[in-house]
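# Notes for the structure review
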Amino acid sequence: LGGQNYDSHRNLKGLDLRSDYFDENGKFVDELRWDLDGRYSAELYSERTVDLVNKLKSQEDPFFIYLAYQSVHGPHMVPQRYIDQYSSHIMDEKRKKVPTATLR
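Reference entry: report on the structure contained in this document.

Thresholds applied
- Residues numbered from 1 in each chain as written.
- Predicted model: local features only at pLDDT ≥ 70, side-chain atom pairs only at ≥ 80, totals over all residues.
- Heavy atoms only, no water.
- Helix = DSSP H or I, 4+ residues; strand = E, 2+ residues; numbered from the N terminus.
- Contact = heavy atoms within 4.5 Å.
- Areas by Shrake-Rupley, 256 points an atom, 1.4 Å probe, with all protein chains shown as cover.
- Pairing = 2+ DSSP bridges.
- Salt bridge = Lys/Arg side-chain N within 4 Å of Asp/Glu carboxyl O.
- Patch = residues over 30% accessible without salt bridge, like charges linked within 9 Å, V, L, I, M, F, W, Y side chains within 5 Å.
- Buried < 20%, exposed > 50% of the residue type's maximum accessible area, 1.4 Å probe, protein only.

## Things to note about the overall build of the protein chain
The number of helices and strands found in the protein chain is three helices and four strands. Sequence-distant contacts, at least 24 apart, represent 42% of the contacts inside the protein chain between residues at least 6 apart. Accessible surface computed for the protein chain: about 7900 Å², of which carbon and sulfur atoms make up 52%.

## Here's the deal with the pairing of strand β3 (residues 18–22)
Sheet faces and side chains relate simply in a regular strand, where the side chains alternate between the two faces. Relative to strand β4 (residues 28–32), β3 runs antiparallel, the two sharing five bridges. The residue bridging Arg18 from the neighbouring strand is Leu32, located in β4. Linking two consecutive strands that pair antiparallel, namely β3 and β4, is a turn of five residues; a positive phi of about 80° is found at Gly26 within it.

## Here we look at the pattern of salt bridges
Applying the stated criterion across every chain, the model contains one salt bridge. Ionic pairing is found between Glu47 and Arg39, a salt bridge with its closest N-O pair at 2.6 Å.

## Focus on a nonpolar patch on the surface
A grouping of Val53, Phe63 and Ile65 is seen on the molecular surface, where their side chains present a nonpolar patch of about 210 Å² in accessible area. Mapped onto the elements of the fold, Ile65 is located in the loop between α1 (41–56) and α2 (80–86). The exposure class of Ile65 is partly exposed, given its relative accessible area of 31%.

The structure is reproduced here in structure tokens:
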């Protein structure tokens, strides 16, 4: 239960970033993704969504993807590069992360 750090992907029990899928034999695979440790979750979710759209767009059957980012919820954990890029004009340090979190 609870939250997850947006770049270390850890909760109270440890790493909790997974790729869950069914393999070519129909077996469910629950894979911990240690290789993505340190990557900002909003970027990971966006990249995965773009990959899925590119993979599925040639199919005749319609598909629906809903992507809801967790980064708009507190605590706001935003990479410094986004704060520098989007919030440099905001003087209140406590408020700089809020608009930046909603952009990704």
